[in-house]
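Descriptive analysis of the structure
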Amino acid sequence: MKLEVKTLDAGKNGDVELNDAVFGVEPRADILHRVVTWQLEKRRAPTRATRERSDVARTGKKFGRQKGGGTARHGDRKAPIFIGGGKAHGARARTFGHDLNKKIRALGLKMALSAKAKGGAITVLDSLDVKEGKTKVLAGQLAKLGLSNALFIDGDAINVSFAKASSNLVGINVLPAVGANVYDILRADALVLTRAAVEKLEARFNG
């Protein structure tokens, strides 16, 4: 698949050939659903377990007479009613994530990229350099390109001037190529790649 390479000023700067093995895979909703579900579950923090009666390190020796003391007949200091005792009906540790095969994760990313390419929602830019890192300048350039809700993916590292200029623009997100993921790609209306990002993504699967 051949796409035109544009500049941030909506100019033209040649063409780029996208590898069909990465950008031409037929998307499958079940694979994309599995990967997105896995991503969202991995975000959830596990709950921290509280110490219950059996987890508290306190004496189990009976500390009073069974009768005649004028108080309740307690067996040990681990009881929840004592300071330092175990908590009654405390929270249990839970993990929400599950494992997903690496091949399925890689296939899901290819399908997400291919879905954007198939829908004509991919734009390739030569670079993300913004003059003086000004938000006003970038907003005007994005208006020319017709981009309002877009995910920008750069090469090894995010362009500093673009990151600075886009930080206050709602709907504009930027990631390095290594951070490309199915969830962020699918939720954006448009996907914008730099030449460096295309090279990195293709090398990621072919390497």
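Please refer to the structure higher up on the page.
Model, not experiment: these values are computed from the prediction.

With that settled, consider the sheet that holds strand S1 (residues 2-6). Spatial strand order, S2-S1-S3-S6-S4-S5: six strands in an open sheet with mixed pairing. Edge positions in the sheet fall to strand S2 (12-17) and strand S5 (172-175), since each of these pairs with one other strand and no more. Between one strand axis and the next, the sheet turns by 30 degrees as a mean value, whatever way the strands run. Bridge analysis of strand S4 (residues 150-153) against strand S6 (residues 190-194) gives four bridges, and the strand direction is parallel. Each bridged residue has a counterpart across the sheet, and for Leu151 the counterpart in S6 is Leu191. Most of the contacts of helix H7 (residues 195-206) go to S6, to which it runs at about 90 degrees, and overall it touches S1, S2, strand S3 (122-125), S4 and S6.

This paragraph deals with the packing of aromatic side chains. Across all of its chains, the model carries one aromatic pair by this definition. With a centroid separation of 4.7 Å and 50 degrees between ring planes, the pair formed by Phe152 and Phe162 is classed as tilted. In this pair, Phe152 is assigned in strand S4 and Phe162 in helix H5 (residues 160-166), connecting sequence segments ten residues apart. For Phe152, a relative accessible area of 0% gives the class buried. Above the face of the Phe82 ring, Arg77 is positioned so that its terminal group lies 4.8 Å from the ring centre.

Here we take up the pattern of salt bridges. Tallying each qualifying case throughout the model produces six salt bridges. Taking the shortest distance from any N to any O, the salt bridge between Glu52 and Arg92 comes out at 3.4 Å. Residue Glu52 is found in the loop between helix H2 (29-43) and helix H3 (102-118), and its partner Arg92 is found in the loop between H2 and H3; the two are separated by 40 residues along the sequence.

Okay, the environment of Glu132 next. Checked against the element boundaries, Glu132 lands in the loop between S3 and helix H4 (135-145). Counting along the chain gives 38 residues from Glu132 to Val170, while the straight-line C-alpha distance between them is 20 Å.

For an α-helix, 3.6 residues make a turn, and residues three or four places apart therefore share a direction. With twelve residues, H7 extends 17 Å between its outermost C-alpha atoms, agreeing within 8% with the 16 Å of an ideal straight helix rising 1.5 Å per residue. Taken together, the buried positions of H7 are Ala197, Val198, Leu201, Glu202 and Phe205. Along the axis of H7, the buried positions cluster into a sector of 125 degrees, meaning they face one direction only. Opposite its buried face, H7 presents the exposed residues Glu199 and Asn206, each directed more than 90 degrees away.

Side chains Ile122 and Val124 project from S3 onto one buried face, and the interleaved Thr123 and Leu125 project onto a second face that is buried too. Taken together, the two bridges between S1 and S3 define a ladder with parallel strand orientation. Looking across to S3, one finds that Val5 is bridged to Val124. Taken together, the four bridges between S3 and S6 define a ladder with parallel strand orientation. Looking across to S6, one finds that Val124 is bridged to Leu193.

Glancing now at H4. Residues of H4 that are buried include every one of Leu138, Gln141, Leu142 and Leu145, and no others. On an axial view of H4, the arc spanned by its buried residues comes to 100 degrees, and they lie on one face. Opposite its buried face, H4 presents the exposed residues Lys136, Ala143 and Lys144, each directed more than 90 degrees away. At its buried positions, H4 is contacted by S1, S3, S4, H5 and S5. Where H4 terminates, the next one or two residues include Gly146, which has phi positive at roughly 75 degrees.

Analysis parameters
Residues numbered from 1 in each chain as written. Predicted model: local features only at pLDDT ≥ 70, side-chain atom pairs only at ≥ 80, totals over all residues. Heavy atoms only, no water. Pairing = 2+ DSSP bridges. Helix = DSSP H or I, 4+ residues; strand = E, 2+ residues; numbered from the N terminus. Axes fitted to C-alpha atoms, helices over the stretch in contact; angles between N-to-C directions. Contact = heavy atoms within 4.5 Å. Phe/Tyr/Trp six-rings, centres within 6.5 Å; stacked < 30°, edge-to-face > 60°. Buried < 20%, exposed > 50% of the residue type's maximum accessible area, 1.4 Å probe, protein only. Lys NZ or Arg CZ within 6 Å of the ring centre and 35° of its normal. Salt bridge = Lys/Arg side-chain N within 4 Å of Asp/Glu carboxyl O. Expected span 1.5 Å × (residues − 1). Arc of directions from axis to C-beta.

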